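This is what each chain is made of:
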Amino acid sequence: MNYLKEAVILLLGLSLILRCRRVAGDQISGKGVVNLAHRQSKWTPLMRTSANLSDITSIRSFFEFRTFDPEGTIFYGDTKDGQDWFVLSLRDGIPEMQIGKADILVSVKGGRKLNDGAWYLLELRSEGKFVVLEVNNKAELVVGLHSKLAEEELTGKIRLAVGGMLVDKQMLFHPFQPEMDACIRGGHWLNLSTPWDTDSTWEPRPCFSEIKRGSYFPGTGVAVFNTSDLPGPKTEEAGITVEIFGSWTGTVLSLQSTGFQYILEELDEHKDVKEEQLGLKEGSETVDLPREPATLTFTILKNSLLVNSKSVLEMESLDFFTMWKKGMLLTFGGMPGDSEETKSTHHLRGCLEKILVQGQVIDLDRALYKHTAVSSHSCPAEAMNELS
């Protein structure tokens, strides 16, 4: 079994351990401040509740919402054990509603972009055959549907969920990426006051009072990509470039394949000089890097590696282009796995404002594996104050 397969199996094993950490989730209030990120499950709701339809006296829910994330699940509801359902999500930062009812599937997207880091008051309500989304007290999206099938009087339960869905993703008319790095607060859900059950893989973390765009690494956790899923070289001369913008301390990235690993690490966070470590089967070496730049450019050529245009490794015996296409592990924030060497690595702490591979923006939500501590789309502002 090669290095890549072993690493993937290990990462999946770690994910399973995290999922088994709690047998059942805690109960929380739906009115407090809730961070929707930091969990292993993609489609499973972060929190859910249910009630008898006979107890529902209001068909209106509202809450405040803040994110920089362009895509993900926000709010879900259903009746008849999921036969009739709706889901509110973001796509390209714009609200999108999908509804499944009897013989009908509908998907409508519209309104203003909501992923600018500001707080928005969202209200969802039912008006007969229409579902209305208001943003800051202005109707932004109205979806109407009518089925020729005879209307039945609704009985049984209504189920509500935040940050996920209770029906299979295959039922969606327009699939989307479910992870949502966002915060909600001040929720009023119909007329319900019962506690919400939370996903057992969720690790509650604070919502910061001020945020900025970027991917936040708090000093623990990594995001791992298989390079075969990333853009490859266009020409041998240009190679493959990985550009990182931001400020950080610790290991910014590592590259692994069978018998080979490369680690780019700032060893002492009290110094403004970075060092890189090159680890091979035969041993390792350490060389100096320039003073911390606003932009770090890591270039992979056919037989060599460059950091900020400076050659740091030349190996005629290795074809990095072929290795990249077949699949290496490109890890941001540290090294993958749970070995002693990995534990001794200084994990990244800081904000990566943007990561580009071959000029394309990398979304950490698309990673092969991402630790629950890592925020994909938001960094705390300098004050680092938490919302209460």
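Everything discussed here concerns the structure shown above.
Since the structure is predicted, the reported quantities are computational estimates derived from the model, not experimental observations. (Residues numbered from 1 in each chain as written. Predicted model: local features only at pLDDT ≥ 70, side-chain atom pairs only at ≥ 80, totals over all residues. Heavy atoms only, no water.)

Novice: Sorry, what's going on with the packing of aromatic side chains here?
Specialist: Each pair of aromatic rings is reported with the distance of its centres and the angle of its planes. For the structure shown, the criterion picks out 10 aromatic pairs. A centroid spacing of 5.2 Å and a plane angle of 65 degrees characterise the contact between W189 and W196, whose relative ring orientation is edge-to-face. There is no split in this pair, since W189 and W196 are both buried. A centroid spacing of 5.3 Å and a plane angle of 20 degrees characterise the contact between Y262 and F298, whose relative ring orientation is stacked. In this pair, Y262 is assigned in strand β19 (residues 260–266) and F298 in strand β22 (residues 295–300), connecting sequence segments 36 residues apart. Each member of the pair Y262 and F298 is classed as buried. Joined through ring pairs, the aromatic side chains of F63, F75, F86, W189 and W196 make up one cluster. Over the aromatic face of W119 sits the side chain of R185, whose NZ or CZ is 3.8 Å from the ring centroid. (Phe/Tyr/Trp six-rings, centres within 6.5 Å; stacked < 30°, edge-to-face > 60°. Buried < 20%, exposed > 50% of the residue type's maximum accessible area, 1.4 Å probe, protein only. Helix = DSSP H or I, 4+ residues; strand = E, 2+ residues; numbered from the N terminus. Lys NZ or Arg CZ within 6 Å of the ring centre and 35° of its normal.)

Novice: I tried to follow the pairing of strand β3 (residues 47–52) on my own but got confused; where do I start?
Specialist: Moving residue by residue along a regular strand, the side chains alternate between the two faces of the sheet. The side-chain alternation of β3 yields one buried face, formed by M47, T49 and A51, and one unburied face, formed by R48, S50 and N52. With six bridges joining them, β3 and strand β12 (residues 157–162) adopt antiparallel strand pairing. Paired with S50 across the two strands is R159, which belongs to β12. With two bridges joining them, β3 and strand β14 (residues 196–198) adopt antiparallel strand pairing. Among the inter-strand pairings, M47 is bridged to a residue of β14, identified as T198. (Pairing = 2+ DSSP bridges.)

Novice: Honestly, the pattern of salt bridges in this entry has me stumped. Any pointers?
Specialist: Side chains bearing opposite charge may pair, as long as their charged atoms lie close to each other. In total, this model carries 14 salt bridges according to the counting rule given. A salt bridge links D84 to K101, with the shortest nitrogen-to-oxygen separation between them at 3.5 Å. Of the two residues, D84 is situated in strand β6 (residues 84–91) and K101 in strand β7 (residues 94–101); the sequence distance between them amounts to 17 residues. Residue R91 pairs with E96 through a salt bridge whose shortest N-O separation is 2.8 Å. E96 matches R91 in its accessibility class, with the two residues each being buried. Ionic contacts of the salt-bridge type, sharing partners, join the residues R60, E123, R125, E127 and E134 into one network. (Salt bridge = Lys/Arg side-chain N within 4 Å of Asp/Glu carboxyl O.)

Novice: What am I meant to see in the sheet that holds strand β8 (residues 104–109) here?
Specialist: Sheets are built from strands paired through backbone hydrogen bonds, the pairs being either parallel or antiparallel. Read across the sheet, eight strands follow the order β1-β14-β3-β12-β5-β6-β7-β8 without closing on themselves; strand pairing throughout is antiparallel. The sheet is open, and its two edges are formed by β1 (27–28) and β8, each paired on a single side. Both β1 and β14 contribute to a ladder of two bridges, which runs antiparallel. What sits directly across from I28, in β14, is W196.

Novice: Is there a simple way to think about the state of the cysteines in this case?
Specialist: Working definition of a disulfide: a covalent bond connecting the sulfur atoms of two cysteines. Evaluation of the coordinates by the stated rule reveals two disulfides. Between the sulfur atoms of C183 and its disulfide mate C207 the distance is 2.0 Å. Here C183 and C207 share a disulfide; its torsion about the S-S bond, -105 degrees, makes the bridge left-handed. On the criterion of sequence distance, the pair formed by C183 in strand β13 (residues 182–189) and C207 in the loop between β14 and β15 (211–213) is long-range, its members being 24 residues apart. For the pair shown, C183 and C207 are each scored as buried. (Disulfide = S-S within 2.5 Å.)

Novice: Mind showing me how you'd approach the environment of L305 here?
Specialist: Considering the arrangement of structural elements, one finds L305 in strand β23 (residues 304–307). Judged by relative accessible area, which is 0%, L305 ranks as buried. In the structure, L305 is positioned 66 residues away from G239 in sequence and 9.6 Å away in space, judged by C-alpha atoms. Discounting residues that sit within four places of it in the chain, L305 has contacts with F260, Y262, F298, T299, I300, K310, S311, V312, L313 and F320. (Contact = heavy atoms within 4.5 Å.)

Novice: Please explain the sheet that holds strand β4 (residues 60–67) as it appears in this structure.
Specialist: The strand order β2-β13-β4-β9-β10-β11 describes an open sheet built from six strands, whose pairing is antiparallel. Two strands lie at the open edges of the sheet, namely β2 (34–35) and β11 (138–144), each paired on one side alone. Pairing of strand β10 (residues 130–135) with β11, which is carried by six bridges, proceeds in the antiparallel orientation. Counterpart to V132 in the pairing with β11 is V142.

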